[in-house]
Amino acid sequence: MIPDDVIEQVRDAADLVGIIGEHVQLRRTGADYRGPCPFHGGTHRNFAVIPKKGMFYCYVCHEAGDVFTFFMKKLGMDYPTAVREVARRVGVTIPERAGPSGPDPREPLFAAVATAADWFARQLRETADAEHARKYLESRHVTMEQAQVAGLGFAPRGTAFLDAMKGLGLREEVLLEAGLIAKREDGSKAPRFRGRLLFPIHDLRSRVVAFSGRILGEGEPKYLNSPETPIFHKGQLLYNLHTAKHGMRKAERAILVEGQFDVLRLALAGLEEVVAPLGTGLTDDQAALLQRHTPHVILLYDSDDAGLRATFRAGDVLLRHKLRVSVATLPEGEDPDTLVQNKGAPALEQALKDSVDVLERKIQILERKGFFGSLPGRRRALDRLLPTIRAAADPITKDLYISRVAEVAGIRKDVLQREVDPKETVTATYRPLPPATAALPSNAEKSLILLMMAGEPWRARVTDAVDAEEFEYPIYLALFEALADDAPERLDETAARAYETLQAEGLGAEQPDIIFERAVNRLEARRLDREIERINRAIPFATEAEKATLAQDKLRLAAERNAKRPTYGIIQSARRKGAPGS
Ligand SMILES: [Zn+2]
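The structure contained in this document is the topic of the report that follows. Small disclaimer: the values here were computed from a predicted structure and weren't measured. (Residues numbered from 1 in each chain as written. Predicted model: local features only at pLDDT ≥ 70, side-chain atom pairs only at ≥ 80, totals over all residues. Heavy atoms only, no water.)

### A short note on the packing of aromatic side chains
For the structure shown, the criterion picks out 20 aromatic pairs. Ring plane angle 75° and centroid distance 6.4 Å describe the contact between Phe70 and Phe71, whose orientation is recorded as edge-to-face. What makes Phe71 buried here is its relative accessible area of 1%. With centroids separated by 5.9 Å and ring planes inclined at 80°, the aromatic side chains of Tyr136 and Phe261 adopt a geometry described as edge-to-face. Here the residue Tyr136 occupies a position in helix H6 (residues 131–139), and Phe261 occupies one in helix H11 (residues 260–268), the gap between them amounting to 125 residues. Put simply, the rings of Phe39, Phe47, Phe56, Phe70 and Phe71 pair up and form one aromatic cluster. The aromatic ring of Phe312 is capped on one face by Lys362, whose charged end is 5.4 Å from the ring centroid. (Phe/Tyr/Trp six-rings, centres within 6.5 Å; stacked < 30°, edge-to-face > 60°. Buried < 20%, exposed > 50% of the residue type's maximum accessible area, 1.4 Å probe, protein only. Helix = DSSP H or I, 4+ residues; strand = E, 2+ residues; numbered from the N terminus. Lys NZ or Arg CZ within 6 Å of the ring centre and 35° of its normal.)

### Some details on the coordination of the zinc ion
Coordination of the zinc ion by the protein involves Cys37 (SG), His40 (ND1), Cys58 (SG) and Cys61 (SG), with metal-donor separations of 2.1 to 2.3 Å. Along the chain, the residues donating to the zinc ion fall in the pattern C-x2-H-x17-C-x2-C. Here the residue His40 occupies a position in the loop between strand E2 (32–35) and strand E3 (47–50), and Cys61 occupies one in the loop between strand E4 (55–58) and strand E5 (64–65), the gap between them amounting to 21 residues. According to the relative accessible area criterion, His40 is partly exposed, its value standing at 35%. (Donors = N, O, S within 2.8 Å, 3.2 Å for Na, K, Ca; no water.)

### Here's the deal with the sheet that holds strand E9 (residues 196–202)
Strand order in the open sheet formed by four strands is E6-E9-E10-E11, and the pairing between neighbours is antiparallel. Sheet topology places strand E6 (153–155) and strand E11 (223–225) at the edges, where each strand pairs with a single neighbour. Taken pair by pair, the neighbouring strands of this sheet meet at an average axis angle of 35°, ignoring direction. For strand E10 (residues 208–215) and E11, the ladder comprises three bridges, and the chain directions are antiparallel. Bridge pairing links Ser212 to Asn225 in E11. Along the sheet, helix H5 (residues 107–126) makes contact with E6, E9 and E10, crossing E10 at roughly 35°. (Pairing = 2+ DSSP bridges. Axes fitted to C-alpha atoms, helices over the stretch in contact; angles between N-to-C directions. Contact = heavy atoms within 4.5 Å.)

### Some words on unusual backbone geometry
For the bond from Glu456 to Pro457, the omega torsion is 0°, close enough to zero to count as cis. Residue position: Pro457 is located in the loop between helix H21 (444–453) and helix H22 (458–465). One non-glycine residue, His62, adopts positive backbone phi at about 70°. Relative to the assigned elements, His62 resides in the loop between E4 and E5.

### Some thoughts on the pairing of E2
Pairing of strand E1 (residues 27–29) with E2 involves three bridges; the strand directions are antiparallel. Looking at E2, one finds that Arg27 is bridged to Arg34. Counted between consecutive antiparallel strands, the loop separating E1 from E2 contains two residues, among which Gly30 sits at a positive phi close to 65°. Bridge analysis of E2 against E3 gives three bridges, and the strand direction is antiparallel. Looking at the pairing, Tyr33 lines up with Val49 of E3.

### Details of the nonpolar core
Formed by 61 residues in total, the largest nonpolar core has its most connected members in Leu180, Leu197, Phe211, Leu266 and Leu300. A per-element tally of this core places H5 first, with nine residues. Aside from chain neighbours lying at most four places away, what touches Leu266 is Ile255, Val257, Leu271, Val274, Leu300, Pro336, Val340 and Leu348. Residues Leu241, Ala254, Phe372 and Ala409 belong to the second largest nonpolar core, which totals 47 residues. (Core = buried A, V, L, I, M, F, W, Y, C linked by side-chain atoms within 4.5 Å.)

### Here's the deal with the sheet that holds E1
The strand order across the open sheet built from five strands is E1-E2-E3-E4-E5, with neighbouring strands paired in antiparallel fashion. In this open sheet, the two strands that pair with only one neighbour each are E1 and E5.

### What to know about the packing of helix H1 (residues 4–13) against helix H10 (residues 241–251)
It is at 12 Å that the axes of H1 and H10 come closest, and there the two elements cross at 70°. Of the possible angle classes, the one that applies to H1 and H10 is roughly perpendicular. Here H1 and H10 pass one another in a crossing that is right-handed. On H10, the residues that touch Glu8, Arg11 and Asp12 of H1 are Lys245, His246 and Arg249. When the residues that make up the contact of H1 with H10 are grouped by side-chain class, the tally is no nonpolar, one polar and five charged. (Parallel < 35°, antiparallel > 145°, perpendicular 65-115°, else oblique. Left-handed = near helix turned anticlockwise from the far one by under 90°. Nonpolar A, V, L, I, M, F, W, Y, C, P; charged D, E, K, R; others polar.)

### Examining the pattern of salt bridges
Considering all chains together, one arrives at 44 salt bridges under this definition. Note that Glu419 and Arg379 form a salt bridge whose closest N and O atoms lie 2.8 Å from each other. Of this pair, Glu419 sits in helix H19 (residues 413–420) while Arg379 sits in helix H17 (residues 375–391), and the two are 40 residues apart along the sequence. Judged by its relative accessible area of 26%, Glu419 falls in the partly exposed class. Residues Arg530 and Glu470 are paired through a salt bridge, measuring 3.5 Å at the closest nitrogen-oxygen approach. In this pair, Arg530 sits in helix H25 (residues 512–538) while Glu470 sits in the loop between H22 and helix H23 (474–484), placing the two residues 60 residues apart along the sequence. The exposure class assigned to Arg530 is partly exposed, which follows from its relative accessible area of 24%. (Salt bridge = Lys/Arg side-chain N within 4 Å of Asp/Glu carboxyl O.)

What follows is the structure, given as structure tokens:
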């Protein structure tokens, strides 16, 4: 097999317009080239070559692809031959096959997914069933032509898909392995995607490997991805990277957004360097992938609390891969899609221009919430900033971060340096996981995990209400993070076993609403307790004037805390012998 990076190099070097121009009379129209389609033998200029995206597309017969696909479809070459032919033209030498490596055994899966993609796209264009999908796109101001270039499709309800694929000669085993159909409990097969608008997901070679299906109307989940298959590992791909990588090199930045629609909207607004994770938090593999193509990532997520949490989580992952990370902030209530829709591309460009470093953004938010106004607040702020400082793998960035945080929190740089030092953090924050056989403690943390496992709306309600920092028990913390990102496959063995135990245990008979409120209140009370303890520790070092303020803070916090657990206060204070403030 030819290595992926060689294939990419060949594709990048190929003169798409020149090569296709040998077979088609092309004329420039704006940024694209148009000519009569060589596939359906058209006479009008419906065939477009789009150099910016490295692809061709026919608006009549819908043939589409890149330079390699062109050779395959026009001259009947297989994939490796097409790559070698283009490589020869651009002067790249491809090492001869070593050893007995035959054709890629995954080839049938690629073919099945490609066939499905064509079929789904045709459903979206032509069938009456897809009327509500077309209406939906119209309501989001995406034209049919734009949808087609993006390769969108529609998966109807019922078994039409299965019948069509069988009619095209695809075997059930292949469809199963490609994640296009699923086995029901009674042994019968059903299409995985039903009644959804489909976004094709491409690998770096621009082959469709999976789909992300958005539900139309009400229902859960909102987005459904293909399962993991031999050709699709969602943690190792980014949506739209196959075209965005060209734009990233030119713009020297990547823009990371939350969803497929945001990507589509920004691409239509003329931004090429836009990618999205695939419905989960950003993974290390995805960050490494970005790092290969760009030194700088701008995070453009929603500005609500959930969006901010996702922003900072992604920011830490990117910092670990030595990327420069900025955060663009959208006006209240807007997401990237609505912003371009309502205020146009210039408003978006302004937001990108105004983006600030991820640590600076964290500081801004803490400042706005008044964290730096009091001594315990400063300590809490520091706790929020430390993970970002520690995540910075680039030594210069880390040093700048330490200086900046020392300045804003009013502490000495060497003191902060010591706190950042990983040798200290091992003992300070990381505790070894308890053995798998240890019983899972019954507490508020456990209740929240059980709620999240019950699915929506509880998963969203819990992630909105509490931060990861609030979890003290390491296994519950691991479960919280995995569930918040909808990525239970990331759990290590111990946590995965705990997951199964909890799943078997279930939520119990009590009202979820009551469980939720009690658990959130308990965590909030615990946080307030910690703040009170911090004040107690600070008092001996404070001046007389500060002491008065601290005493007031303490009273206020104690009242707040008592309100959080009106009925449990007595038990708690008895259990917490000598707890401060009680
Ligand atoms: Zn055509």
